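So the chains spell out like this:
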Amino acid sequence: AQQAISKYDLEGRIDLLGAVTLEQLNALLCGSEGLIVASQEEGFCLPALEAMALGVPVLSTPLPSVIEICGAAAWYAPGFGADAIAESLRRFLDNRPALAEHNIRLGLTRARAFDRVRAARETLAVYREVLGERAQTWLPAMGMAAAGQRMSQQPLKWQSATEEIRRVVGQV
């Protein structure tokens, strides 16, 4: 990644970070030009959804899961290589703010289409289906029922829902 940053003259415009806390993630997203999803494989890709919900534009590789989540709200690189991502990022930054304004508006609308309460209930339903009869004893011990209940009663943001799921899964 560092080679592509140098090649496309993006020094000082990109910071490569390791793992961050939820608080750091929110601060970084809110203060950023955008979120880059440079994965070659991705599940649901909550970071893209979290970014859109915070009004942060998303640049991604053309992953089916990200395309499904972001739709037209994201800016997509033409491929998966570092050069394709860096070139797309350079074009995105050079054409800001027009592109960002468009992506932010679409992203905020798109993020509202995802309901965290429904997601929590569906996640719990999957655990119940997988665990079968064991769900009656395992889910309370894991805190899943309580987590689902808290998520459905509190006006949490996606970031909080994500952290709650991470916390509960970490207890397993």
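It should be emphasised that the depicted structure is a prediction, and the values quoted were computed from it without experimental measurement.

A separate point is the pattern of salt bridges. Across all of its chains, the model carries four salt bridges by this definition. Here Arg13 ties to Asp94 by a salt bridge, and the two come within 4.0 Å at their closest N and O atoms. Of this pair, Arg13 sits in the loop between α1 (2–7) and α2 (22–30) while Asp94 sits in helix α5 (residues 82–94), and the two are 81 residues apart along the sequence. For Arg13, a relative accessible area of 42% puts it in the partly exposed group.

This part covers the side chain of Ser88. Within the secondary structure layout, Ser88 lies in helix α5. You can call Ser88 buried: its relative accessible area is 0%. Within the structure, Ser88 has its side chain in polar contact with the backbone oxygen of Ala84 (distance 3.0 Å).

Moving on to the nonpolar core. Counting 19 residues, the largest nonpolar core has Val37, Met52, Val58, Ile69 and Cys70 as its most contacted members. Listed by contribution, the elements that provide at least two residues to this core are α2, β1 (35–37), α3 (46–53) and α4 (64–70). Residues contacting Cys70, with those up to four places away along its chain left out, are Ala48, Met52, Val58, Tyr76 and Arg110. Counting residues in each nonpolar core, the second largest holds 13 residues, with Tyr8, Ile14, Leu59 and Leu99 among its members.

On to the environment of Gln40. Here Gln40 lies in the loop between β1 and α3. Residue Gln40 is classed as exposed on the basis of its relative accessible area of 59%. Taking the C-alpha atoms as reference, Gln40 lies 9.9 Å from Ser60; in sequence the two are 20 residues apart.

Another aspect to go through is the sheet that holds strand β2 (residues 58–60). In space, the three strands of this open sheet follow the order β1-β2-β3, with parallel pairing throughout. Strands with a single pairing partner mark the edges of an open sheet, and in this sheet they are β1 and β3 (74–76). Sheet twist, expressed as the average angle between the axes of neighbouring strands with direction ignored, equals 25°. Most of the contacts of α3 go to β1, to which it runs at about 160°, and overall it touches β1 and β2. Across the sheet, α5 is in contact with β1, β2 and β3; its angle to β3 comes to roughly 130°.

Let us look at the packing of α3 against helix α6 (residues 98–112). Look at α3 against α6: their axes get within 7 Å of each other, and the N-to-C directions meet at 115°. Here α3 runs over α6; the crossing is left-handed. Residues Leu49, Met52 and Ala53 of α3 pack against Gly107, Leu108, Arg110 and Ala111 of α6.

Let's shift gears to the confidence of the model for the protein chain. Of all residues in the protein chain, 78% attain a pLDDT of 70 or more, and the chain-wide mean is 77. At the low end of the mean pLDDT range in the protein chain sits helix α9 (residues 144–153), at 48; at the high end sits β2, at 91. Predicted confidence for residues 147–158 stays below pLDDT 50, and this span has 26 contacts to residues more than four positions away or in other chains.

What counts and what doesn't
Residues numbered from 1 in each chain as written. Predicted model: local features only at pLDDT ≥ 70, side-chain atom pairs only at ≥ 80, totals over all residues. Heavy atoms only, no water. Salt bridge = Lys/Arg side-chain N within 4 Å of Asp/Glu carboxyl O. Helix = DSSP H or I, 4+ residues; strand = E, 2+ residues; numbered from the N terminus. Buried < 20%, exposed > 50% of the residue type's maximum accessible area, 1.4 Å probe, protein only. Polar contact = N/O pair within 3.5 Å; in protein donor to acceptor, adjacent residues only side chain to side chain. Core = buried A, V, L, I, M, F, W, Y, C linked by side-chain atoms within 4.5 Å. Contact = heavy atoms within 4.5 Å. Pairing = 2+ DSSP bridges. Axes fitted to C-alpha atoms, helices over the stretch in contact; angles between N-to-C directions. Left-handed = near helix turned anticlockwise from the far one by under 90°. pLDDT = per-residue confidence, 0-100.

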